[in-house]
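The lines below spell out each chain.
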Amino acid sequence: MGMDGKKLEYKGEDALRELEELTIKAKEVQDSILKEIITRNGASEYLNKYMQGSIDLLTFKTRVPVITYEEIQPYIQRIVNGEDSSIISGHQITEMLMSSGTSCGEPKLMPSIAEDLDRRTYLYNLIMPIMNKHIPDLDKGKAMYLLFIKAEKQTPSGLPARPVLTSYYKSPHFQTRTHDPFNDYTSPNEAILCPDRDQSMYCQLLAGLIHRQCVLRLGAVFASALLRSISFLEKNWIDLCRDIRIGHLNKSITDPNLRAAMSKIITSQDPQLADELEAICSLRTWKGIICKLWPRVKYIEAVLTGSMAQYIPALEFYSEGKIPLVCTMYASSECYFGVNLNPLSYPTEVSYTLLPNMAYFEFIPLENGLQPNNEEKIEQDKLVALVDVKLWCYYELVVTTFAGLCRHRVGDILLVTGFYNSVPQFKFICRRNILLSIDTDKTNEEELHKSVTASKKLLEAYDQLLTEYTSHADTSTTPGHYVLFWEITNTSTELSLATPLNAELLQNCCQVLEDSLGYVYRCCRSHDKSIGPLEIRVVEEGTFEALMDLIISQGGSINQYKTPRYIEQGQALELLNSRVKDRFFSSRDPVWSL
């Protein structure tokens, strides 16, 4: 809601005027937001425990603790099991949003109330007015956005539990939106809402190809999804061209709602368009394929910050570096945070302006960007308000939301890069303690260690010992996949009796690894197919000693050296790959169920 309680529904110039006012009066807006949250939720079991009926802002800041998800999770679980929303919120909780973060292998469940959809819609309605300031005439064509829903389930209490974007796409805010020439999508709603990812992908690409001369912007929520779509197109362009040529949808599309919607798009045979597409798709290289297939595209939109930055080179290959890569907004399952007011800045330089009416924001100062441990107790008086952060300082984001999260550590590490009026602008640096990420998965060092520990036990029965390991997120394949570099030593006292490594044993190790990873990873692998099979690369003995020598030669300290559990692109990765003896992949999907 806004400062005066009105629904957050603004468009065009009205949206930009509202943005200007919000950022000028950020402190007043933040105080108003916190006052409203305390007034609404003060009687809840959780908040009343600390506030004891007070609605004073200073009381909140001195008494309410800074918490991690694990500390609020028991209260959320009680609501999941059927207890009343008043445990944490003064408003009815309508759904649980499944975070991509993990907790004991399960997705975090973030409470959401009905009006949260108004806040998300408000932020979405800001995007096009901002973009149109930088790239005009975006209302003169269509947007080819490849959007997908993900798996969802019901809690024991009957509340839906689903990712935040699935919630939004299934809401009336999206499905019954009024026609807007700035948001005229090539994909029909039925394609976006189709639960079968392959059928959805096929029809969205088909619609985009039919409208190829009208497409002014192209994108997906995450860069990984856009690259998967290009890979899918490489495998299926012959069938897509055939559909266009004969004017009839492929029989493999069985969803009746999808077939009905696509019949309004494939209205006649178009052999000329099919010939054009076949000539482009059959080229020896797909470098610049986006420019060739959609010649009027003015920018490509996707999340390309944080772990998604690893996909920038691939998108530049497919666009020949001629099309701007744009990151428009910053959001999470907890709440939507802000927008990019300089959308044409290069993805690695993007800073987001937090919107002071989305939630109440506070920040944990970090010395030299160091990450505080999850278990570290954060004193209330250490937190800094939104308007009080300092330029070029690092912080961890803390939010208090209308849905009942109070001083919740989001886990994002941010750097202040400037100010817009009185509101700071932040560069996203990383997620706290996250090692591996391909899509919406987030695997930290503890989870990786737990999985490796479970899988290496298989080796011990065969007189083999895992002496060292590290990991890498390999995005050179589509979809990307986890790679584990393993150095294995034979422990048999009689080498003649030692069992040599074999493919079945290492494949089983891959499978145990995957089965031990978090829910979101297993969902991406088994249901969404957005992550490829996990790979173990067995390296020669002595490889990790050589890795230590390399890192120390680059300025590391031998006294403080410990094996890095994650390796990025560079000399270290080249060294590891140069010493690979064998490679093994998981031969089945990991265990996963709703």
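Quick caveat, the model's predicted, so the values are computed rather than measured.

1. A few points about the overall build of the protein
- A count of helical and extended segments in the protein gives 20 helices and 22 strands.
- Taken over C-alpha atoms, the radius of gyration comes to 25 Å for the protein, in line with the 25 Å a tight globule of 594 residues would show.
- Overall size of the protein, expressed as C-alpha extent along the three principal axes, is 80 × 65 × 50 Å.
- Looking at the protein residue by residue over its 594 residues, the buried ones come to 56%.
- Contacts in the protein between residues at least 24 apart in sequence constitute 71% of all its contacts with a sequence separation of at least 6.
- Looking at the protein as shown, the accessible area adds up to about 24800 Å², and 50% of this sits on carbon and sulfur atoms.

2. A few points about helix α15 (residues 312–319)
- Taken as a whole, α15 has its buried residues at I312, L315, Y318 and S319. Buried positions in α15, seen along its axis, are confined to an arc of 130° and lie on one side of it.
- Summarising the contacts, the buried residues of α15 are in contact with α11 (223–246), α14 (289–293), β7 (299–303) and β8 (325–326).
- E320 sits one or two positions beyond α15 and adopts a positive phi of about 55°.

3. Observations concerning the packing of helix α19 (residues 543–553) against helix α20 (residues 571–578)
- Where α19 meets α20, the axes come as close as 10 Å, and the angle between the chain directions of the two elements is 160°. By the angle class used here, α19 and α20 are roughly antiparallel. The hand of the α19/α20 crossing is right-handed. Between α19 and α20, the residues in contact are T543, F544, A546, L547 and L550 and Q571, A572, L575 and L576, respectively.
- Partitioning the contact of α19 with α20 into residue classes produces seven nonpolar, two polar and no charged.

4. Topic: the nonpolar core
- Membership of the largest hydrophobic core comes to 174 residues, with the highest contact counts inside it found for W294, F361, F363, L397, W486 and I536.
- Looking at which element gives the most residues to this core, the answer is α11, with 11 residues.
- Counting 12 residues, the second-largest nonpolar core is a separate cluster that includes V539, F544, I567 and A572.

5. Details of the pattern of salt bridges
- According to the stated counting rule, one finds 34 salt bridges in the structure shown.
- Between E278 and R245 there is a salt bridge whose closest N-O contact spans 3.1 Å. Linking E278 in helix α13 (residues 271–281) with R245 in helix α11, this pair joins segments that are 33 residues apart in sequence.
- Look at E278 and you get partly exposed, because its relative accessible area is 28%.
- Of the charged contacts, one joins E468 and R565 as a salt bridge, the two residues approaching to 2.9 Å between their closest N and O atoms. With a gap of 97 residues between them, E468 in strand β19 (residues 464–474) and R565 in the loop between α19 and α20 connect regions that are remote in the sequence.
- Through salt bridges that share partners, E36, R40, E115, D116 and R119 make up one connected network.

6. Observations concerning the side chain of Q204
- Structurally, the position occupied by Q204 is in helix α10 (residues 197–210).
- Looking at Q204, the relative accessible area reads 0%, which means it is buried.
- When neighbours within four sequence positions are excluded, Q204 is seen to be in contact with M144, Y145, L146, L147, F148, S187, A191 and I192.

7. Describing the sheet that holds strand β3 (residues 142–146)
- Sheet architecture is open: four strands sit in the order β3-β6-β7-β8, paired in parallel fashion. Of all the strands in the sheet, just β3 and β8 have a single pairing partner and so form its edges.
- Examined bridge by bridge, β7 and β8 share two bridges and lie parallel to one another. Among the inter-strand pairings, I300 is bridged to a residue of β8, identified as L325.
- On top of the sheet, α11 reaches β3, β6 (215–222) and β7; it is set at about 115° to β6, its chief contact.

8. A short note on unusual backbone geometry
- Along the chain, T478 connects to P479 via a cis peptide bond; the corresponding omega equals 0°.
- Along the chain, P479 falls in the loop between β19 and β20 (481–490).
- Despite not being glycine, E320 has its phi angle at roughly 55°, a positive value.
- Among the structural elements, E320 can be located in the loop between α15 and β8.
- Its identity as a non-glycine residue notwithstanding, N421 has a phi of 55°, on the positive side.
- Within the fold, N421 resides in the loop between β15 (408–420) and β16 (423–431).
- Assessed through its relative accessible area of 38%, N421 is described here as partly exposed.

9. Focus on a nonpolar patch on the surface
- Judged by side-chain polarity, L391, W392 and F419 come together as a nonpolar surface patch covering roughly 320 Å² of accessible area.
- Position of F419 relative to the elements: it lies in strand β15.

10. Re the state of the cysteines
- Inspection of every chain in the model, using the stated rule, returns zero disulfides.
- The structure places no disulfide on C291, whose sulfur is separated from the nearest cysteine sulfur, that of C281, by 14 Å.
- Among the cysteines around C510, which has no disulfide bond, C509 carries the closest sulfur, lying 7.1 Å off.
- For C510, a relative accessible area of 0% translates into the label buried.

11. Overview of the pairing of β7
- Buried residues dominate β7, accounting for four of its five residues.
- Chirality of the crossover, the property in question, places the unit of β7, α15 and β8 among those that are right-handed.

12. Quick look at helix α17 (residues 503–516)
- With 14 residues, α17 should reach 20 Å at 1.5 Å per residue; the first-to-last C-alpha distance of 20 Å fits that figure.
- Structurally, α17 contributes buried residues whose contacts are with α16 (445–460), β20, α18 (519–528), β21 (535–539) and β22 (580–585).
- Regarding α17, its N-cap is N502, as a side-chain oxygen of that residue lies 3.1 Å from the backbone nitrogen of E504 further along.

13. Notes on the confidence of the model for the protein
- On average, the protein scores 90 in pLDDT, and the residues at 70 or more come to 93%.
- Contacts for the low-pLDDT stretch residues 1–10, under 50 throughout, to residues beyond four places or in other chains number 23 contacts.

Rules used in this analysis
Residues numbered from 1 in each chain as written. Predicted model: local features only at pLDDT ≥ 70, side-chain atom pairs only at ≥ 80, totals over all residues. Heavy atoms only, no water. Helix = DSSP H or I, 4+ residues; strand = E, 2+ residues; numbered from the N terminus. Rg over C-alpha atoms; globule rule 2.2 N^0.38 Å. Buried < 20%, exposed > 50% of the residue type's maximum accessible area, 1.4 Å probe, protein only. Contact = heavy atoms within 4.5 Å. Areas by Shrake-Rupley, 256 points an atom, 1.4 Å probe, with all protein chains shown as cover. Arc of directions from axis to C-beta. Axes fitted to C-alpha atoms, helices over the stretch in contact; angles between N-to-C directions. Parallel < 35°, antiparallel > 145°, perpendicular 65-115°, else oblique. Left-handed = near helix turned anticlockwise from the far one by under 90°. Nonpolar A, V, L, I, M, F, W, Y, C, P; charged D, E, K, R; others polar. Core = buried A, V, L, I, M, F, W, Y, C linked by side-chain atoms within 4.5 Å. Salt bridge = Lys/Arg side-chain N within 4 Å of Asp/Glu carboxyl O. Pairing = 2+ DSSP bridges. Patch = residues over 30% accessible without salt bridge, like charges linked within 9 Å, V, L, I, M, F, W, Y side chains within 5 Å. Disulfide = S-S within 2.5 Å. Right-handed = clockwise from strand over helix to strand, strands pointing away. Expected span 1.5 Å × (residues − 1). Polar contact = N/O pair within 3.5 Å; in protein donor to acceptor, adjacent residues only side chain to side chain. pLDDT = per-residue confidence, 0-100.

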